[in-house]
Amino acid sequence: MILRKVVATASLLLGCSLTHAASQVFFDDFNSYIPDQFNWSPPASSSWTVSDGTVDLNGAGGNYDFLPGNGSYVDLDGSSFVSGVFSNHVNLIEGTTYLLSFDLAGSHRGTRADTVHVTFGSATASYRLSSEDAFSTYALSFTPGSSGTYSSSYLDVSGDNRALFLAGLGRRDEARR
């Protein structure tokens, strides 16, 4: 997987030109963590939390690299047969549109299709992938009505110990009002 870098963009808003450089407010490709961590408890410094279940960390350099060449990634169903809510928080500015982009892949372990529910602020979406699907980039946008702390979260609903994989995600500021 080639990690995508956020580049500056120009926006055209309501017929008048308004240039605003897109800026990254959060990014994690999970490559800085040690792979093969079952029922992973992310370090506090990462800003990630896992609640109501578990996730695993797999990938490059570990024994459980189901998608070689893609770095490290999170197995959203963990090893407890109870999918955890994998989330983080970031401060966002009222009236600014943010784009959450992330890569998802199937479990690559011959299981049935899996679904993950993604929430970003008040925006929600569900994604269903087959077991053999390679990493693809998905996106979800959100414009907060007030400045404050907002979360993004991922919940795989399979509960079969073989979930979708999450990698290379970030949020960026797309355009000002």
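Residues numbered from 1 in each chain as written. Predicted model: local features only at pLDDT ≥ 70, side-chain atom pairs only at ≥ 80, totals over all residues. Heavy atoms only, no water.

A word on the packing of aromatic side chains. On inspection of all chains with the given rule, the structure shows 18 aromatic pairs. Summarising the aromatic geometry, the rings of tryptophan 48 and phenylalanine 86 are spaced 4.1 Å apart at their centres and angled 5° between planes, so their arrangement reads as stacked. Residue tryptophan 48 is located in strand S4 (residues 48–51), and its partner phenylalanine 86 is located in strand S7 (residues 85–92); the two are separated by 38 residues in the primary sequence. Owing to a relative accessible area of 3%, tryptophan 48 belongs among the buried residues under this scheme. Since its relative accessible area comes to 0%, phenylalanine 86 is described here as buried. Centroid distance phenylalanine 102 to tyrosine 138: 6.2 Å. Interplanar angle 25°. Geometry classified as stacked. Of the two residues, phenylalanine 102 sits in strand S8 (residues 97–105) while tyrosine 138 sits in strand S11 (residues 136–142), which places them 36 residues apart along the sequence. Note on phenylalanine 102: relative accessible area 0%, which makes it buried. Grouping aromatic residues by their ring pairs yields a cluster made of Phe26, Phe30, Tyr33, Trp40, Trp48 and Phe86. Its guanidinium or amino end placed over the ring of phenylalanine 66, arginine 109 lies 4.6 Å from that ring's centre, counting from NZ or CZ. (Phe/Tyr/Trp six-rings, centres within 6.5 Å; stacked < 30°, edge-to-face > 60°. Helix = DSSP H or I, 4+ residues; strand = E, 2+ residues; numbered from the N terminus. Buried < 20%, exposed > 50% of the residue type's maximum accessible area, 1.4 Å probe, protein only. Lys NZ or Arg CZ within 6 Å of the ring centre and 35° of its normal.)

This paragraph deals with the sheet that holds strand S9 (residues 114–120). Read from one edge to the other, the open sheet built from five strands follows the order S4-S7-S12-S9-S10, with strand pairing classed as antiparallel. Strand pairing shows two members of the sheet lacking a second neighbour, S4 and strand S10 (123–129), which therefore form its edges. Ignoring strand direction, the axes of neighbouring strands in this sheet form an average angle of 20°. Bridge count between S9 and S10: seven bridges; the pairing is antiparallel. Across the sheet, residue threonine 119 finds its bridge partner in S10, namely threonine 124. (Pairing = 2+ DSSP bridges. Axes fitted to C-alpha atoms, helices over the stretch in contact; angles between N-to-C directions.)

So, on to the nonpolar core. Membership of the largest hydrophobic core comes to 30 residues, with the highest contact counts inside it found for Phe30, Val74, Leu76, Phe86, Tyr127, Tyr154 and Leu166. Those elements that provide at least two residues to this core are S7, S8, S9, S10, S11 and strand S12 (148–156). Counting six residues, the second largest nonpolar core, distinct from the first, contains Leu67, Ala105, Phe135 and Ala167. (Core = buried A, V, L, I, M, F, W, Y, C linked by side-chain atoms within 4.5 Å.)

So, on to the pattern of salt bridges. According to the stated counting rule, one finds two salt bridges in the structure shown. A salt bridge links arginine 109 to aspartate 75; its shortest N-O distance comes to 3.0 Å. Taken together, the residues span a long stretch of sequence, with arginine 109 in the loop between S8 and S9 and aspartate 75 in strand S6 (residues 72–75) at a distance of 34 residues. Residue arginine 112 is joined to aspartate 114 by a salt bridge in which the shortest nitrogen-to-oxygen separation is 3.4 Å. A relative accessible area of 2% means that aspartate 114 is categorised as buried. (Salt bridge = Lys/Arg side-chain N within 4 Å of Asp/Glu carboxyl O.)

Take unusual backbone geometry next. Phi is positive for aspartate 36, close to 65°, though the residue is something other than glycine. Mapped onto the elements of the fold, aspartate 36 is located in the loop between strand S3 (23–28) and S4. Accessibility expressed as a relative area gives 22% for aspartate 36, which makes it partly exposed. You will see that serine 47, though not glycine, has its phi angle at about 75°, which is positive. Tracing the backbone shows serine 47 in the loop between S3 and S4.

Glancing now at the confidence of the model for the protein. Of the residues in the protein, 82% reach a pLDDT of 70 or more, and the chain-wide mean stands at 82. Model confidence for the protein, summarised as mean pLDDT per element, is weakest for strand S1 (residues 11–13) at 27 and strongest for S10 at 96. Counted against residues more than four places away or in other chains, residues 1–19, with its pLDDT under 50, gives 34 contacts. (pLDDT = per-residue confidence, 0-100. Contact = heavy atoms within 4.5 Å.)

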